[in-house]
Amino acid sequence: KTKHNRILSALYQSRHKEERKIAEFNAGVAVYDLAEWKRQKLTKEVETWIRASFDGNSSLSDHPTQTPLTLAVASNYYPIDVSWNCPIHGGRSGTAMHADPICLKRPKIRHFTGTRKPWYPLGRLRFLWLPHVRGHRECLRELANLTGGGAS
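Computed from a predicted structure; not experimentally measured.

A. How the structure looks around the nonpolar core. Counting 15 residues, the largest nonpolar core has Ile22, Leu69 and Leu71 as the members making the most contacts within it. Mapped by element, the contributors of at least two residues to this core are helix H1 (3-16), helix H3 (42-54) and helix H5 (66-73). Of all the elements, H5 adds the most residues to this core, at four residues. What Leu69 contacts, discounting residues up to four positions off in sequence, is Phe25, Ala27, Tyr32, Trp37 and Val46. By size, the runner-up hydrophobic cluster in this structure holds 11 residues, among which are Cys86, Cys103, Leu128 and Leu130.

And the structure:
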């Protein structure tokens, strides 16, 4: 699908000697069957890929936890509805770009990508985020300070 997915597929094949098309998923928004996880020994597999990322494999170092998990699961998953992980990319004008229409109207989780998160004082797409957090100002100040965004 993408150049990165082709790279991941080649990495998987180099270790397992079998071809498998690898498709990325957001590990932060997933449901895991722990019995199946144990049966497939996925913890050991993830650890192996993490060690490989420390051995200088630059294809693994961009996302040091996501990429090893993607390779360990190796596309053996069922996708969940897009509304559970709505990536919202901020455009220069502050409007939403590259967002599935359901992500703007009825998302269950909005995933604000990029460095200008809406909870930062100069963040983008605040109009999508602020209506849900009004009344939680102190918590937002603490979040901004913890994540390097400064006071809001």
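That covers the picture; the talk isn't over yet.
B. Structural context of unusual backbone geometry. Phi angles above zero are rare outside glycine, and Lys41 is one such case at about 55°. Summarising the element assignment, Lys41 is placed in the loop between helix H2 (34-39) and H3. By relative accessible area, Lys41 is classed as exposed at 58%. With a phi angle near 60°, Leu125 is a residue other than glycine that sits in the positive phi range. For Leu125, the location among the structural elements is in the loop between strand E3 (110-112) and helix H7 (126-133). You can call Leu125 buried: its relative accessible area is 4%.

The rules behind each value
- Residues numbered from 1 in each chain as written.
- Predicted model: local features only at pLDDT ≥ 70, side-chain atom pairs only at ≥ 80, totals over all residues.
- Heavy atoms only, no water.
- Core = buried A, V, L, I, M, F, W, Y, C linked by side-chain atoms within 4.5 Å.
- Buried < 20%, exposed > 50% of the residue type's maximum accessible area, 1.4 Å probe, protein only.
- Helix = DSSP H or I, 4+ residues; strand = E, 2+ residues; numbered from the N terminus.
- Contact = heavy atoms within 4.5 Å.

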